[in-house]
Amino acid sequence: TPSNLVNILRQSIILGLIAIGQSIVVLTGGMDMSVAMVARVVALVVATLFAANNSDSGLILPLVVLGVGIGVLLGGLNGLLITRTDANPFIITFGIANILRGVNLAIATTPIRGIPETYLTIYTTKIGMVQINVIIMGLIWFTAWLFTSRTRLGRGLYAVGGSERIAQLSAIRVNRTLISAYIFSAFFASLAGLFALSRTGVGDPIAAEGMDFQSIVAVAVG
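Owing to the predicted nature of the structure, the values given are computational and were not obtained by experimental measurement. (Residues numbered from 1 in each chain as written. Predicted model: local features only at pLDDT ≥ 70, side-chain atom pairs only at ≥ 80, totals over all residues. Heavy atoms only, no water.)

Under the criterion given, the structure shown has six aromatic pairs. An angle of 50° between the planes, with centres 4.9 Å apart, marks the rings of Phe 147 and Phe 184 as tilted. Taken together, the residues Phe 147 in helix H7 (residues 132-150) and Phe 184 in helix H10 (residues 174-200) connect sequence positions 37 residues apart. (Phe/Tyr/Trp six-rings, centres within 6.5 Å; stacked < 30°, edge-to-face > 60°. Helix = DSSP H or I, 4+ residues; strand = E, 2+ residues; numbered from the N terminus.)

Residues other than glycine seldom take positive phi values, yet Ala 171 does so here, at roughly 70°. Examined against the element boundaries, Ala 171 turns out to sit in the loop between helix H9 (164-169) and H10. Looking at Ala 171, the relative accessible area reads 58%, which means it is exposed. For Ala 208, which is not a glycine, the phi torsion comes out positive at approximately 60°. (Buried < 20%, exposed > 50% of the residue type's maximum accessible area, 1.4 Å probe, protein only.)

The next subject is a nonpolar patch on the surface. A surface patch of nonpolar side chains, about 420 Å² in accessible area, is lined by Trp 141, Phe 142, Trp 145 and Leu 146. A residue is classified by how much of its surface remains accessible, and Leu 146, at 31% relative accessible area, is partly exposed. (Patch = residues over 30% accessible without salt bridge, like charges linked within 9 Å, V, L, I, M, F, W, Y side chains within 5 Å. Areas by Shrake-Rupley, 256 points an atom, 1.4 Å probe, with all protein chains shown as cover. Salt bridge = Lys/Arg side-chain N within 4 Å of Asp/Glu carboxyl O.)

So, on to the packing of helix H2 (residues 13-27) against H7. Put simply, H2 and H7 touch, their axes get as near as 11 Å, and they point 5° apart. In terms of axis orientation, H2 runs roughly parallel to H7. Between H2 and H7, the residues in contact are Ile 13, Gly 16, Leu 17, Ile 20, Ile 24 and Leu 27 and Asn 133, Val 134, Met 137, Ile 140, Trp 141, Ala 144, Phe 147 and Thr 148, respectively. Across the contact of H2 with H7, the residue classes break down as eleven nonpolar, three polar and no charged. (Axes fitted to C-alpha atoms, helices over the stretch in contact; angles between N-to-C directions. Parallel < 35°, antiparallel > 145°, perpendicular 65-115°, else oblique. Contact = heavy atoms within 4.5 Å. Nonpolar A, V, L, I, M, F, W, Y, C, P; charged D, E, K, R; others polar.)

Before going further, it helps to examine helix H4 (residues 60-85). For H4, with 26 residues, the first-to-last C-alpha span of 38 Å sits near the 38 Å given by 1.5 Å per residue. Downstream of H4 by a residue or two, Asp 86 has a phi angle that is positive, lying close to 55°. (Expected span 1.5 Å × (residues − 1).)

Turning to the nonpolar core, a few remarks are in order. Ranked by size, the top nonpolar core spans 53 residues in total, and within it Ile 14, Val 38, Val 42, Val 46, Phe 50, Ile 115 and Tyr 119 carry the most contacts. Those elements that place two or more of their residues in this core are H2, helix H3 (35-52), H4, helix H5 (89-107), helix H6 (117-124), H7 and H10. If sequence neighbours within four positions are ignored, Tyr 119 has contacts with Phe 50, Ile 60, Val 64, Leu 194, Phe 195, Leu 197 and Ser 198. (Core = buried A, V, L, I, M, F, W, Y, C linked by side-chain atoms within 4.5 Å.)

When you line up the elements, Gln 131 lands in strand S2 (residues 130-131). You can call Gln 131 buried: its relative accessible area is 5%. When the C-alpha positions of Gln 131 and Arg 10 are compared, they lie 7.6 Å apart, and in sequence the two are 121 residues distant.

Along the chain, Ser 198 turns up in helix H10. Among residues more than four places away in sequence, those in contact with Ser 198 are Tyr 119, Leu 120, Ile 122 and Tyr 123.

Below, the structure is given as structure tokens:
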């Protein structure tokens with residue numbers, strides 16, 4: 001039924017966001033094993049700050065910006081470590097994931113409540129019979145497709161994934177492209193964490209569990 005289809009689409013948004021970021025990394029020939037932990041740490045930090053400020057709805061925009069900023073910084077860290085050490089991306093991102101797992105446990109081991117009702121409308125608001133988040137997800141997907149297929153940086157992702165040496169000889173800045181890819185991956189992971197927070201209404205210490213492997217499978221199947 002149409003309502004069931006919309007419900008399935010809405011439930012797939014968290015994995016969808018993470019998979020879009022993961023696909024950008026996979027195009028470069030790498031993988032990002034830290035996406036689930038990035039999503040979780042963003043959700044827990046934002047939930048903790050909401051709870052500490054008595055669910056102040058005036059903090060929604062600043063905390064969303066903060067959450068995305070945390071994701072971008074972590075993605076940049078992944079990219080810098082990979083390009084500076086020439087280590088396997090799996091090893092670097094898996095190591096960062098384990099560090100973040102410890103950070104998450106230090107933040108909370110039980111669900112954090114106190115999310116403003118206004119923030120929860122991100123998950124519930126509709127236009128007609130369709131949730132607005134499903135429409136926004138479609139726009140994000142379309143924008144990501146345009147980025148990877150119609151922009152210079154997007155085409156550079158394919159080139160780097162094909163051969164870093166040939167890409168370098170073609171005047172593509174390989175390191176900058178790789179760092180950008182991991183920033184995009186963490187950016188989308190942070191959006192997934194923020195959306196998960198609006199869906200559950202709590203800062204869940206097991207949020208996005210297993211989404212790292214699931215996102216790689218989603219990219220491979222896609």
